[in-house]
Amino acid sequence: MVMVFYGSNGKSNPVSMENKVEHQTENQITYDIHLPSDLGTLYKVRLGLQSLEINISQLSLHHFKIQNTSTLDTFSLTINKTLPLSPNGDIWVEFPIQWPLKEALSVVTYHLTVFSRNILNERNLVHMTACIYGTHGDTGDRSLLQSLQNVQQGEKNESFLVMVDAVDLGELEKILLSISSKTDCKLDIKKLHVQEAAKEHPIYVFEVNEEFSVNANKPKIQREIPRSFVIRGEKQKNDIDNNLNKEGSKVKHLREYTIKVYTGDKRGAGTDANVHIILFGNEDKSEVFQLSQSLEHQNPFERGKVDTFKIKTKNLGSLRSIEIGHDGKGFASGWFLEKVEITDAARNSVHCFNCNRSVDQSIIPLYMLFTF
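Residue positions are given per chain, counting from 1 as you read along its sequence in written order. The model is predicted, so local features are restricted to residues of pLDDT at least 70 and side-chain atom pairs to those at 80 or more, both for listing and for counting; the totals for chains, interfaces and linings are taken over all residues. Side-chain measures here rest on the full set of heavy atoms in the structure, leaving out hydrogens and waters.

Chemist: Give a detailed account of the sheet that holds strand β20 (residues 229-231), specifying residues and quantitative values.
Modeler: Strands are labelled as partners when DSSP assigns at least two bridges between them. Only DSSP runs of H or I covering at least 4 residues are called helices, and only runs of E covering at least 2 are called strands; the numbering of each starts at the N terminus. If you trace the 6 strands from one edge of the open sheet to the other, you get β14-β15-β10-β17-β18-β20, paired in antiparallel fashion. The open sheet terminates on both sides in strands that have one partner only, identified here as β14 (149-153) and β20. On average, adjacent strands in this sheet sit at an angle of 30° to one another, irrespective of strand direction. Summarising the sheet, strand β17 (residues 185-196) and strand β18 (residues 203-214) pair through 9 bridges and their orientation is antiparallel. The partner of K186 across the bridge, within β18, is S213. To get an axis, a line is fitted to the C-alpha atoms, and for a helix only the part in contact is used. The angle between two axes follows their N-to-C directions and goes from 0 to 180 degrees.

Chemist: Help me get a handle on the environment of F336, residues and values and all.
Modeler: Assignment of secondary structure puts F336 in strand β26 (residues 335-344). Note on classification: 1.4 Å probe, protein chains only; a residue is buried when its accessible area is under 20% of the maximum for its type, exposed when over 50%, partly exposed between these limits. In this structure F336 comes out as buried when scored by relative accessible area, which is 15%. Remark: the alpha-carbon pair of F336 and G268, spanning 68 residues in sequence, is separated by 7.8 Å. In what follows, a contact means two residues having at least one pair of non-hydrogen atoms within 4.5 Å. If sequence neighbours within four positions are ignored, F336 has contacts with T263, G264, K266, A269, N356, R357 and S358.

Chemist: Account for unusual backbone geometry, with residues named and values stated.
Modeler: The peptide bond linking L83 to P84 adopts the cis configuration, its omega dihedral lying at 0°. Inspection of the secondary structure puts P84 in the loop between β8 (74-83) and β9 (92-96). Residue H201 is joined to P202 through a cis peptide bond whose omega torsion reads 5°. Looking at the element boundaries, P202 is found in the loop between β17 and β18.

Chemist: Can you explain the sheet that holds strand β27 (residues 349-359)? Please cite residues and give values.
Modeler: Spatially, the 4 strands line up as an open sheet ordered β24-β21-β26-β27, and their pairing is antiparallel. Where the open sheet ends on each side, the last strands, each with one partner, are β24 (306-313) and β27. In this sheet, neighbouring strand axes are inclined to one another by 20° on average, regardless of whether the strands run parallel or antiparallel. Alignment of β26 against β27, held across 9 bridges, turns out to be antiparallel. Opposite W335, over in β27, you have V359 as the bridge partner.

Chemist: So, the environment of Q195: which residues are in play, and what are the values?
Modeler: Counting through the fold element by element, Q195 comes out in strand β17. The sequence separation of Q195 and Y110 amounts to 85 residues, and the corresponding C-alpha distance is 5.6 Å. Excluding anything up to four places from it in sequence, Q195 contacts T109, Y110, H111, E200, P202 and I203. Of the polar contacts made by the side chain of Q195, one reaches the backbone oxygen of K199; its length is 3.2 Å. There is a polar contact of 3.1 Å between the side chain of Q195 and the backbone oxygen of E200. Each polar contact in these results corresponds to two N or O atoms within 3.5 Å; when the atoms are within protein, one needs to be able to donate a hydrogen and the other to accept it, and residues that are neighboring in sequence are counted only if both atoms are side-chain atoms.

Have a look at this one:
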């Protein structure tokens, strides 16, 4: 069993209960847990099973009690649930902590709908999880393929619904997808919709539009999907549907670009920051792409390494310039960028920019605009 504690200033690492038993009776186990002092006031707990595998033993939870040994503040809750949950097979349960004289958040059932092309045919071999982030925390990794509902499968398009119970996340901001497989395959994911089960709106839309090449012998693929937009009313939904019908043919004409990023071979050249890129053509510009999944290396942008990324976007025309930069986060955020090469397969052309300088917040702005 594992617990994650959320406070007003952050969350704890997963706390395994395996070797923390202080006292045990027939129906009760007491644990002594030391949490970081900088978490702030605790407001929720996620409790679940260590394994994300399907074949796991059941865990019956009846009652939960937590007491701060310094202040003696105490919270207790009757749970009466068995993990994995039925019917959605979730192995986590979340609940808010309501301290005296403090208002607690509520538990919300979220509907996460996945729109794709071929996941249903591969679901017995693929393991896929999603972690939904909001202004009030996150859901942790939740399985998307254990128990599907409202499955709709057409000749070219499909969708399915996953239910996620979590303490109110507030405004949704991003989703972290994790994908692994027992065999080599390609998964084409179009978009994700998230909304509260009890409400028709708002609907949070996360555009993906990417084909993932999953290799059984490589680490799992992780992709951070920022929120694209929010549908807050029926009129807005109808307007969007009409626009999609008019512009649906554009999806067939997505262009693929291969981006090679060369990090310099000198001390401190690599970076742990999050790198993004925008492509500019003579007809249009691309959306912002996070360069996180290198085809060669699990940790991209290391000293002296070349990382290759593939992206798909609308027709930009002839490439003219790019914007590339990072968010300055991480222990080693300074980055010496040697050069960037972009191959436009449709036009059979290669664009190259030689940089040979540092991209560092303390030296220049966090992005650079390169003109070919």
